Amino acid sequence: MEILNYAFMQRALIAALIVGVTAPAIGIYLVQRRQALMGDGIGHVALTGVGLGFLLNTSPIWMATAVAIAGSVVMELIRWYGKTRGDLALAMLFYGGMAGGVMLMNLSDAGSNANLGTYLFGSITTVSPQDMTTIYVLAALVLAITIGLRRQLFAVCQDEEFARVTGLPVRLLNLLVAVTAAVTVTVAMRVVGLLLVSALMVIPVAAAQQISRSFAVTFSVAVAIGVAVTLTGTTTSYYVDVPSGATIVLFAIGLFVIFTGLAAPLAKKRARAAAEASKGCTLEVPGDRSATDDVSVAG
């Protein structure tokens, strides 16, 4: 294939594959916790890290990772303690992160509106070999947590009170989910951009939930969808010359619509199967039973 003859496209496809796996892998826990927009908020905060990286002439990805992790910790603290004004505090954090990133980018000598656009909306063809090393390290960390601790994370995201009763460190695991989401945002920002990364975390999971009720199956299907849309979107962006991030997200939405259309027939099929199974378990009383078989209770 012609697309594989270019080193920058080889890096782009590998990065797309990694993001297609990692984003739904952490996204399933965010959806389970009803925090589908958390990735979007972290993306806003991470932009400050990108601007700070340009201002200090350091790696924007590593700086964005550090700032995003700090932001995710603050978000969890607000969720724990900010009962009455938590929403307002989170809004200020998100908007402040975006404004800070734009300001720092413009104050730096290396920053420009073009650089800002590549991080906001993604520019997968500009991924460098140094970026790939960072992506490998961060992605390995995300997968080690989301797969290695899947039972504990699922228990906490499903029912915090039950998880606490069983002795799990609920707050530590919640914090771990938030930090892992922050790392995933920085892994994916060169592929789909900080403004669209939340969509890649959530939409494949939402699509998988349309046809599956099992956590393990939903996890596997969501990752498969993530890989499919990232590779297809990256390939399409090369041949059609369209933005990769937007293309990937639109493909993901398209699959969600298709899976939603398949949900109703599958539900009917499951209902018929359940009805058939219940018929086989019907207890029939034999007609030739004698009166001596009756059980009476003496008064």
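Definitions and cut-offs
Residues numbered from 1 in each chain as written. Predicted model: local features only at pLDDT ≥ 70, side-chain atom pairs only at ≥ 80, totals over all residues. Heavy atoms only, no water. Helix = DSSP H or I, 4+ residues; strand = E, 2+ residues; numbered from the N terminus. Buried < 20%, exposed > 50% of the residue type's maximum accessible area, 1.4 Å probe, protein only. Contact = heavy atoms within 4.5 Å. Areas by Shrake-Rupley, 256 points an atom, 1.4 Å probe, with all protein chains shown as cover. Patch = residues over 30% accessible without salt bridge, like charges linked within 9 Å, V, L, I, M, F, W, Y side chains within 5 Å. Salt bridge = Lys/Arg side-chain N within 4 Å of Asp/Glu carboxyl O. Expected span 1.5 Å × (residues − 1). pLDDT = per-residue confidence, 0-100.

Colleague: Quick rundown of the overall build of the protein? Include the residues and the values.
Modeller: A tally of regular secondary structure across the protein gives twelve helices and zero strands. For the protein, the α and β elements follow one another from N to C terminus as α-α-α-α-α-α-α-α-α-α-α-α. When burial is assessed residue by residue, the protein has 44% of its 299 residues classed as buried. Across the protein, the fraction of contacts at a sequence separation of at least 24, relative to all contacts at a separation of at least 6, is 76%. Summed over all atoms, the accessible surface of the protein reaches about 15100 Å², with 66% contributed by carbon and sulfur.

Colleague: An account of a nonpolar patch on the surface is requested, with residue identities and associated values reported.
Modeller: Together, I14, W62, Y136 and V137 make up an exposed nonpolar region whose accessible area comes to about 370 Å². With respect to the helices, strands and loops of the structure, V137 is situated in helix α6 (residues 129-148).

Colleague: Can you explain the pattern of salt bridges? Please cite residues and give values.
Modeller: Any two side chains of opposite charge can pair, given that their charged atoms come close. Inspection of every chain in the model, using the stated rule, returns two salt bridges. Ionic pairing is found between R33 and E76, a salt bridge with its closest N-O pair at 3.1 Å. Placement of R33 in the loop between α1 (7-32) and α2 (38-55) and of E76 in helix α3 (residues 60-81) is noted, with a sequence separation of 43 residues between them. In this structure, R33 and E76 share a single accessibility class: buried.

Colleague: Talk me through α2; I want residue IDs and the actual numbers.
Modeller: For α2, spanning 18 residues, the distance from its first C-alpha to its last is 26 Å, which sits close to the expected 26 Å at 1.5 Å a residue. In terms of burial, α2 is largely enclosed, as 15 of its 18 residues are buried. At the exit of α2 stands N57, carrying a positive phi of roughly 55 degrees.

Colleague: Explain unusual backbone geometry to me, using residue names and the numbers behind them.
Modeller: The backbone of N57 shows a phi angle near 55 degrees, a positive value even though the residue is not glycine. Taking the relative accessible area as the measure of exposure, N57 reaches 65% and is therefore exposed. One non-glycine residue, D241, lies in positive phi territory at about 60 degrees. Residue position: D241 is located in the loop between α11 (215-240) and α12 (244-280). In this structure D241 comes out as exposed when scored by relative accessible area, which is 68%.

Colleague: How would you sum up the confidence of the model for the protein? Please name residues and give values.
Modeller: The pLDDT averaged across the protein works out to 82; a share of 85% of its residues lies at or above 70. Mean pLDDT across the elements of the protein ranges from a minimum in helix α5 (residues 113-121), with 71, to a maximum in α11, with 91.

Colleague: I'd like a rundown of the side chain of T184, residues and numbers included.
Modeller: Its place among the elements puts T184 in helix α9 (residues 170-188). When residues no more than four places from it in sequence are discounted, the contact partners of T184 are T22, A23, I26, V142 and M201.

Colleague: Break down the environment of V21 for me, citing the residues and quoting the values.
Modeller: Among the secondary structure elements, V21 is positioned in helix α1. Judged by relative accessible area, V21 falls into the partly exposed class, the value being 23%.

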